[in-house]
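Chain by chain, the residues run as shown.
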Amino acid sequence: MKTALLQTNGDPNGALSAFLAGMIEKGIVDEVMAPAAQPGGSASMAVFADVTEMDAIIPWAPVMPVQGARLLSRLSFDDPGMKVAVVLRPCEARAAIELIKLKQILPDNITFVTIDCPGTCELKGFEESGLEMKTESNRMVDQMEAGAATAADGVGLRTACTICVNSSAHWGDVQLHVYGTKGSQSVAIAASDELADALAGAALVTFDAEPLSGRDAVVEGVNKGREAAREKVFAEMTEDAQSLEGLKKRFSTCIRCLNCMENCPICYCKQCIFKSTTFDHPGSSYAKWAMRKGVQKMPSETMLFHLTRLNHMATSCIGCGLCDTACPMGLPVASLFSKVANGVQGMLDYKAGASLEDPIPLSVFREDELQEESGAEDF
Amino acid sequence: MAQQAVTQQDFEPRIVAFLCHWCTYTGADLAGTTRQQYPPNIRVVHLMCSGAIDVVYVLKALMDGADAVLIGGCHPGDCHYQSGNYKARRRVAILRNILTQFGVSQDRVWLKWISASEGRLFAETINEMTDAVREMGPVEFKLGWDV
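Residues numbered from 1 in each chain as written. Chains lettered and ligands numbered in written order. Predicted model: local features only at pLDDT ≥ 70, side-chain atom pairs only at ≥ 80, totals over all residues. Heavy atoms only, no water.

Draft legend 1. Just the interface of chain A and chain B, in detail. Between chain A and chain B, the residue contacts involve 51 residues of the former and 39 residues of the latter. Buried area between chain A and chain B, summed over both chains or domains, comes out near 4200 Å², and the portion from carbon and sulfur atoms is 61%. Between B:Lys60 and A:Glu301 there is a salt bridge, with its nearest N and O atoms 2.5 Å apart. Our count for the chain A to chain B interface comes out at 16 residue pairs in polar contact (both at pLDDT 80 or more). Among the secondary structure elements, those contributing two or more residues to the side of chain A that touches chain B are α9 (244-251), α11 (283-293), α12 (302-313), α14 (333-347) and α15 (371-374) of chain A. Broken down by element, the side of chain A that touches chain B gets its largest block of residues, 7 residues, from α12(A). For the side of chain A that touches chain B, the residue count by class is 26 nonpolar, 11 polar and 14 charged. (Contact = heavy atoms within 4.5 Å. Buried area = accessible area lost by both parts, 1.4 Å probe. Salt bridge = Lys/Arg side-chain N within 4 Å of Asp/Glu carboxyl O. Polar contact = N/O pair within 3.5 Å; in protein donor to acceptor, adjacent residues only side chain to side chain. Helix = DSSP H or I, 4+ residues; strand = E, 2+ residues; numbered from the N terminus. Nonpolar A, V, L, I, M, F, W, Y, C, P; charged D, E, K, R; others polar.)

Draft legend 2. Molecular detail of unusual backbone geometry. Residue and element names in this part refer to chain A. Residues Met-298 and Pro-299 are joined by a peptide bond in cis, for which omega reads -10°. By secondary structure assignment, the location of Pro-299 is in the loop between α11 and α12. One non-glycine residue, Ala-203, lies in positive phi territory at about 60°. Residue placement: Ala-203 occurs in the loop between α7 (193-201) and α8 (215-241). Here Asp-349, not a glycine, exhibits a phi torsion of approximately 55°, which is positive.

Draft legend 3. How the structure looks around the packing of aromatic side chains. Taken as a whole and judged by the stated rule, the model has 7 aromatic pairs over all chains. Aromatic side chains A:Phe274 and A:Phe279 sit 4.8 Å apart centroid to centroid with 10° between the ring planes, which places their arrangement in the stacked category. Neither A:Phe274 nor A:Phe279 differs from the other in exposure class; each is buried. Note on A:Phe365 and B:Tyr86: the rings are 4.5 Å apart at their centroids and 5° apart in plane angle, and the pair reads as stacked. One end of the pair, A:Phe365, is in the loop between α14 and α15; the other, B:Tyr86, is in helix α3 (residues 84-101), on a second chain. Look at A:Phe365 and you get partly exposed, because its relative accessible area is 30%. Residue classification places B:Tyr86 among the buried positions, given a relative accessible area of 5%. One aromatic cluster is present, formed by A:Phe274, A:Phe279 and A:Phe305 through successive ring pairs. The positively charged end of A:Lys270 is found above the aromatic ring belonging to A:Phe77, 4.8 Å away from the centroid. (Phe/Tyr/Trp six-rings, centres within 6.5 Å; stacked < 30°, edge-to-face > 60°. Buried < 20%, exposed > 50% of the residue type's maximum accessible area, 1.4 Å probe, protein only. Lys NZ or Arg CZ within 6 Å of the ring centre and 35° of its normal.)

Draft legend 4. Just the side chain of A:Glu369, in detail. Mapping A:Glu369 onto the fold places it in the loop between α14 and α15. Within the structure, A:Glu369 has its side chain in polar contact with the backbone nitrogen of A:Arg366 (distance 3.3 Å). The contacts of A:Glu369, once residues within four sequence positions are left out, are B:Arg89 and B:Arg90.

Draft legend 5. Region of interest: a negative patch on the surface. Residues and elements named next belong to chain B. A cluster of like negative charges, contributed by Glu-124, Glu-128, Asp-131 and Glu-135, occupies part of the molecular surface. Topologically, Glu-124 is positioned in helix α4 (residues 119-136). Exposure remark for Glu-124: the relative accessible area of 43% places this residue in the partly exposed category. (Patch = residues over 30% accessible without salt bridge, like charges linked within 9 Å, V, L, I, M, F, W, Y side chains within 5 Å. Areas by Shrake-Rupley, 256 points an atom, 1.4 Å probe, with all protein chains shown as cover. Lys, Arg positive; Asp, Glu negative; His and termini not counted. Charge placed at Lys NZ, Arg CZ, Asp CG, Glu CD.)

Draft legend 6. Just the nonpolar core, in detail. Core analysis: the largest hydrophobic core is formed by 90 residues, its most contacted members being B:Val58, B:Ile71, B:Phe102 and B:Phe141. Sort the elements by how many residues they give to this core and α14(A) lands first, with 8 residues. A:Ile28, A:Ala85, A:Val87 and A:Val141 belong to the second-largest nonpolar core, a separate cluster that totals 54 residues. (Core = buried A, V, L, I, M, F, W, Y, C linked by side-chain atoms within 4.5 Å.)

Draft legend 7. Spotlight on the confidence of the model for chain B. On average, residues of chain B score 92 in pLDDT, and 93% of them are at 70 or above. Across the interface, the model reports ipTM at 0.92; the global pTM reads 0.93. (pLDDT = per-residue confidence, 0-100.)

Draft legend 8. Just the sheet that holds strand β5 (residues 110-115) of chain A, in detail. Residues and elements named next belong to chain A. What the 7 strands build is an open sheet, ordered β1-β7-β6-β5-β4-β2-β3; its pairing is mixed. Each having just a single partner strand, β1 (2-7) and β3 (42-48) make up the two edges of the open sheet. With strand direction ignored, the average angle separating the axes of adjacent strands in the sheet is 25°. The pairing of β5 with strand β6 (residues 174-177) spans 3 bridges and is parallel. Following the sheet pairing, Ile-115 is matched in β6 by Leu-176. (Pairing = 2+ DSSP bridges. Axes fitted to C-alpha atoms, helices over the stretch in contact; angles between N-to-C directions.)

Draft legend 9. Just the pairing of β5(A), in detail. Residue and element names in this part refer to chain A. The buried count for β5 comes to 6 of 6 residues, which makes it a mostly enclosed element. Side-chain alternation along β5 places Ile-110, Phe-112 and Thr-114 on one buried face and Thr-111, Val-113 and Ile-115 on a second face that is also buried. The sheet contact formed by strand β4 (residues 84-88) and β5 spans 5 bridges and is parallel. Counterpart to Ala-85 in the pairing with β5 is Thr-111. The parallel pair β4 and β5, bridged by helix α3 (residues 90-101), forms a crossover whose chirality is right-handed. (Right-handed = clockwise from strand over helix to strand, strands pointing away.)

What follows is the structure, encoded as structure tokens:
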């Protein structure tokens, strides 16, 4: 990796947008996919081919309504046919790593641009605050010189962001390092040697800087604080879910809308059983079940849905919390699922999204393992 | 007339058994032809491989009447499809881990390796499992109607 400093002149979002536009102009990529301001105060991903429109890009947008990796999977499930640079937050990058391994993203023509992330707010709260997105975003980026960014009073970060211990860019062809530098003056660009040569050759930036000396310490400080917050949330979830009664209390208002699944980057199955007609029972079935059990809950099978989905995605859950954002009933899906996923990944000695090399747990096995956990003796 | 809540005294365990075609199902057949005795508490679902089991079937069984689920497959190294049983083992380990985190005993899900020649072991397993489940009582999901 080589490092360059990108001068930001008080506007890190604008400086990175201009840099990305430069990548198109100099022919390094054909298109750029990045979060962009939307009417009404939101931001969502868009694919830009026209550089004159690119000032709408806000890479550090303080909201994330949809998971970027899920959208990237749309763009690059097969070869998009041209080179695209994609701006991803660390949780989106980790989801992308899982999706590459699950063969849902073809990375060949994608240039991954990853950023140190200040965190995101719930969309509704942010819109109601009336804050100007770019100004607020630049303010948050600037805070990262010394530690974790904070959202404006009364808005607050999403729960998943307040317990995120992976907010620094750890992977990617081009990484934007913000922790440990004054973002309003400059941010650091770390690029793979090959790409750095191309960027320097195109006179976009000069790779003559040292890696940020203070970044590791700042990241460590951020993670330490977040680790404590995470323990607290996980303990709360353990308390709530240690009996089925507690779980039922928390999840009884589920309307089985499947939004948590729709917004989950890991739930990629095109033919999910819960989207099929399997659970569209004839009316007589409900009547018979009520007769047999005494009472039949409606809507039925909400718990079956959550426990099944949890079993399917726990090995790859990266804790982005977009299931929380998508839930119309305000259920703590993310906190509970990441706590459970943490236990499952610990058992399998796997960390979702950490690297492209570790194989997906359900794609491999060892001959001698999990005897006690599965309950099956040796032979 | 709707069935009343099951009391501990008249509790009769209901076990759903997913058995692989090549080993455990054939082992169960052998238990029958060799007249091994085992309690009639199991309902068998015949599958081609233990690796073909998705957790949705196990969970649906547990939430809709089964007090425990048995998954029977070939011994490690003997899978007719090379590695189905190893994959089943990972899935079952994940399921048991998750059930435990929600206060459901992991002993509601049993994974056993029983070959086509082990009719006696099959009968012993069903005896052992029926006793164990009788001891545990009705599955946690049955303790309220609101799942």
